[in-house]
Amino acid sequence: MIWCVVPAAGSGQRFGSALPKQYAPLVSEPMIVRTLDRLAAHPRVAGLMVALAKDDPHWPGIEELEGKPVRTCIGGEERAQSVLAALDALAGTVADSDWVLVHDAARPCIRHGDIDALIEQGTRHDDGAILAAPMRDTVKRGAAGGRIEASVPRSELWRALTPQLFRFGRLRSALRSALAEGNAAVAITDEASAIERSGGRPLLVVGADDNIKVTTLHDLALAEFILTSPA
């Protein structure tokens, strides 16, 4: 059984709403509830640790989903700080050698089959693994003035998704080391970045393209379409 960390302390400034995006209504529930429901329903998930903003007035006070514990802690200004705070809060519950998942609160469309594949493949890889999607569009590098500088070969380019899977002690140590370097928190945009910074090379596991991250109101409408469409 694997604990799942969900960083949810962000304000979602790009979302275009006074309400933090993780609390935007999605199929009659706050988006974060939809995400947590999806995670808790997976048979390999033991519990959820949610990193919230200090004095978050919107958190609905959930303590259990699908018979599994939902715990909270106070996150930080940057994602890496929130994930580390959540891992620290799990110390004593999770052993260093245990695996943990980290998943975005704003990815409510995660498929159980993708979690299965991530756990099956990732637990055989010492450096852990992430869900990712290969780039299918032509990629351009921009230059000053909005002109194209070059076309970038896409054969080795992937979009990083979540969940991401790592051993508890390894991820905690990698995040702590990165954050000790000062401005490193800005560069640690996902957990794999911290592992890479410590010399690791996580495995890429192909995930579904509809595992979208809600960043704008358009994304929210797309997520609602995905969740309400026939399987």
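Residues numbered from 1 in each chain as written. Predicted model: local features only at pLDDT ≥ 70, side-chain atom pairs only at ≥ 80, totals over all residues. Heavy atoms only, no water.

(A) Layout of the environment of lysine 68. Position of lysine 68 among the secondary structure elements: in strand β6 (residues 68-74). The buried category is assigned to lysine 68, whose relative accessible area is 14%. Aside from chain neighbours lying at most four places away, what touches lysine 68 is Ala40, His42, Pro43, Val45, Ala46, Gly47 and Glu63. A polar side-chain atom of lysine 68 sits 2.9 Å from the main-chain carbonyl oxygen of alanine 40. Within the structure, the side chain of lysine 68 is placed 2.8 Å from the backbone oxygen of valine 45, a separation counted as a polar contact. (Helix = DSSP H or I, 4+ residues; strand = E, 2+ residues; numbered from the N terminus. Buried < 20%, exposed > 50% of the residue type's maximum accessible area, 1.4 Å probe, protein only. Contact = heavy atoms within 4.5 Å. Polar contact = N/O pair within 3.5 Å; in protein donor to acceptor, adjacent residues only side chain to side chain.)

(B) Expanded view of a nonpolar patch on the surface. Residues Trp158, Leu204 and Val206 make up a contiguous nonpolar surface patch of about 260 Å² in total accessible area. Note on placement: valine 206 falls in strand β12 (residues 203-206). (Patch = residues over 30% accessible without salt bridge, like charges linked within 9 Å, V, L, I, M, F, W, Y side chains within 5 Å. Areas by Shrake-Rupley, 256 points an atom, 1.4 Å probe, with all protein chains shown as cover. Salt bridge = Lys/Arg side-chain N within 4 Å of Asp/Glu carboxyl O.)

(C) Broad picture of the nonpolar core. With 32 residues, the main nonpolar core has Ile32, Leu36, Leu48, Val50, Trp59 and Leu101 as its most contacted residues. Of all the elements, helix α1 (residues 31-40) adds the most residues to this core, at five residues. Once you skip the residues sitting within four places of it in the chain, leucine 48 turns out to touch Trp3, Cys4, Leu36, Leu39, Ala40, Leu65, Pro69, Val70 and Arg71. Counting 28 residues, the second largest nonpolar core, distinct from the first, contains Val83, Leu84, Leu90 and Ala178. (Core = buried A, V, L, I, M, F, W, Y, C linked by side-chain atoms within 4.5 Å.)

(D) Expanded view of the pairing of β6. Where strand β4 (residues 45-52) lies against β6, five bridges are found, and the strand directions are parallel. Counterpart to leucine 48 in the pairing with β6 is valine 70. Taken together, the two bridges between strand β5 (residues 64-65) and β6 define a ladder with antiparallel strand orientation. Along β6, the bridge assignment pairs glutamate 64 with proline 69. (Pairing = 2+ DSSP bridges.)

(E) Structural context of the sheet that holds β4. Taken together, eight strands build an open sheet; the order of strands is β5-β6-β4-β1-β7-β11-β8-β12 and the sheet is mixed. This sheet does not close on itself; its edge strands, each paired only once, are β5 and β12. Together, β1 (2-8), β7 (99-102), β8 (129-134), β11 (158-167) and β12 form the strand contacts of helix α3 (residues 112-122), whose direction differs from that of β11 by roughly 60°. Against the sheet, helix α4 (residues 168-179) makes contact with β7 and β11, and its axis sits at roughly 115° relative to β11, the strand it touches most. (Axes fitted to C-alpha atoms, helices over the stretch in contact; angles between N-to-C directions.)

(F) Inspection of the side chain of aspartate 114 at higher detail. Examined against the element boundaries, aspartate 114 turns out to sit in helix α3. No salt bridge forms around the buried aspartate 114; measuring N to O, its nearest opposite-charge neighbour arginine 111 is 5.3 Å away. Separated by 2.7 Å, the side chain of aspartate 114 and the backbone nitrogen of alanine 208 make a polar contact. With residues near it in sequence (within four places) discarded, aspartate 114 still touches Leu131, Val206, Gly207 and Ala208. (Lys, Arg positive; Asp, Glu negative; His and termini not counted.)

That is the geometry; function is a separate question.
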